[in-house]
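Architecture and fold: a report
Spelled out, the chains give:
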Amino acid sequence: MGFVKHPLIKKGAIEERKYQASLSKIVLEKGNTLVVAPTALGKTIIAIVLAVKLIGVEGKVLFLAPTKPLAEQHRKSFVSKTEIEKDEIVLLTGSTEPKERARLFKEARVVNATPQTIRNDLKKGRINLEDVKLCIFDEAHRAVGEYSYVEIASKYMKQAKKPLILALTASPGSQKEKIEEVCKNLFIENIEVKEAGDEDVKPYVNEIENDWVKVKLPADFLKVKNCLDAFSMEQIIMLKRIGMAPTTNIGYFSKRRQLEMQEKIRGLIKRHGKRQPSLYAAASKLAALMKASHATLLLETQGISALNEYFTRVEADGEKETSSKALKSFLKSSKIREAIEITKALGKKGVEHPKLAELGKILLKQFKENPESRAIVFNHYRSSIRKVTEYLEAVPGVKPKKFIGQASRGKEKGMSQKEQIGTIQELREGKYNCLVASSVAEEGLDIPAVDLVVFYEPVPSEIRTIQRRGRTGRLSKGKVIVMMAEKTRDEAFYWVAKNKESKMHKTLSALKGKETDKGQTTLGKWAK
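Residues numbered from 1 in each chain as written. Predicted model: local features only at pLDDT ≥ 70, side-chain atom pairs only at ≥ 80, totals over all residues. Heavy atoms only, no water.

Some thoughts on the layout of surface pockets
Space left empty within the atom packing is revealed by a probe, the size of a water molecule, rolled over the atoms. Computed from the structure, the second largest pocket encloses a volume of approximately 1,100 Å³. In terms of lining residues, the second largest pocket is bounded by 39 residues, among which Ala40, Gly42, Thr44, Gln73 and Arg474 are the most central. Put simply, the parts of the chain that give the lining of the second largest pocket at least two residues each are α2 (43-55), α3 (68-81) and β6 (165-169). Of the residues forming the lining of the second largest pocket, the biggest block, seven residues, is contributed by α3. Tallied by class, the residues present in the lining of the second largest pocket amount to 14 nonpolar, twelve polar and 13 charged. (1 Å grid on protein atoms, 1.4 Å probe; cavity = no way out; pocket = protein on both sides within 12 Å on 5 of 7 lines; lining within 4 Å. Points joined across faces, edges and corners; volume = space filled by probe spheres on them. Helix = DSSP H or I, 4+ residues; strand = E, 2+ residues; numbered from the N terminus. Nonpolar A, V, L, I, M, F, W, Y, C, P; charged D, E, K, R; others polar.)

Next up, the structure:
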């Protein structure tokens, strides 16, 4: 095994991989490049190799990452792998005083930073990107809308003497429009895609075993579901009569379509509200439908505890003087009252989603066969994360720890970044062997490689699916298990994500191969 040789790279610090060297060369030749590659293929190493080629005696590299822990991780990588002086490799975040940030930026050769910090300093005129020879955007799929990356890229292209952008992501999304927006916002001229099956990548990819576990909803769950469906159908029929719903097929009304309908109705009310009172009725019926739909989602994918908490919150909101007409009609419905009563009764009996017992079996087997292994259980809902963690505490061999974001929800406090980093360290040390985590663990944190990733529920997002899966198989063979309740939204979400991921690869191939009559990639127009 050979190692990368360069005056600014420590001897034996970076393993020589042809695809990394090739990508670095391509960026230098073709200009601003979006690199799409699976997690664990060393996208940070590509950035480091490129950086040392460009940095020279003067000038600097700016490495942007969406969170402080990830920016700190990149700083550590530069310190451990390069011969650049440690005090010339800096971390800039909001916790550093503005004047100190300006000084550090001026004196540094490698600046690792959160985008919000750099954007603010650019606005205040504290820093200038004139001497930045390479600007790296990690988790580049975020470069849409009003995200800080967009403004920074624009100012960099204007201010830098000789700008060069390297954008990195494992998953830019499946929609052609979304990928094109990212490319436009980051002035991308070239797209490079690396996949696990590529010949130059295969030797460095660990096998990830993919499996799923299906469970059936109990009869009592179906009773609640029938009540919710009956109420939903009443709202759909009314929406159809008003002319706002194209069909009475309940399966048509996904969350995305409901949000699209909501946006449409709001627009119509803004333009014709006074002349068409039926629009307000449509808005109310849709709002009630959305509440029932969310309740059904919780029932199908999470279980009684999560649904009970939701109903309790909704009932409390219904007692307020400011409660909406939609909420009142929802709570007055005999079908909803029946659903609430059954749910409360099941909650008192301690009935839970069958996924919970299956999850216990999965982790019991995992830690019995490999006591030193580590696992992450992903769950989208805070209330379920709490319940799952409590349940797993009673499973032999499992040492679970809740892992959530910084924002507080109601009475539940979030975890500060310091607490998150502490928990990750405790996972490394073995105090805990299983994180029960929200989406915060999907990206932006230096979580060590784990042997098993469990999706408590599938997510209808190719980006999140890829990021979750990327938490395993980094250092050795990994395993991913997706849990699904049969004939529910779980199954639908699983196939939505799978289809989107397939579409993403096809879209990237099409964009990469898209050429003008002159043989030049049409992406180049965005770099002008």
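Some details on the sheet that holds strand β2 (residues 60-64)
A sheet is described by the order of its strands in space; here seven strands give the open sequence β3-β4-β2-β5-β6-β1-β7, paired in parallel fashion. Sheet topology places β3 (89-92) and β7 (190-193) at the edges, where each strand pairs with a single neighbour. Neighbour-to-neighbour, the strand axes of this sheet turn through a mean angle of 15°, independent of strand direction. In this sheet, strand β5 (residues 132-137) lies alongside β2 in parallel orientation, the contact comprising five bridges. Following the sheet pairing, Phe63 is matched in β5 by Ile136. Set on the sheet, α3 makes contact with β2, β3 and β4 (110-113); between it and β3 the angle comes to about 175°. (Pairing = 2+ DSSP bridges. Axes fitted to C-alpha atoms, helices over the stretch in contact; angles between N-to-C directions. Contact = heavy atoms within 4.5 Å.)

Structural notes on the packing of aromatic side chains
Scanning all chains against the criterion turns up nine aromatic pairs. Centre to centre, the rings of Tyr147 and Tyr149 are 5.0 Å apart; their planes meet at 80°, and the pair counts as edge-to-face. Like Tyr149, Tyr147 is buried. Chaining the aromatic ring pairs together yields one cluster made of Phe137, Tyr147 and Tyr149. The ring of Tyr456 carries Lys355 above its face, with NZ or CZ at 5.2 Å from the centroid. Above the face of the Phe455 ring, Arg468 is positioned so that its terminal group lies 5.1 Å from the ring centre. (Phe/Tyr/Trp six-rings, centres within 6.5 Å; stacked < 30°, edge-to-face > 60°. Buried < 20%, exposed > 50% of the residue type's maximum accessible area, 1.4 Å probe, protein only. Lys NZ or Arg CZ within 6 Å of the ring centre and 35° of its normal.)

It is worth stressing that arrangement in space is one thing and function is another; only the former is reported here.
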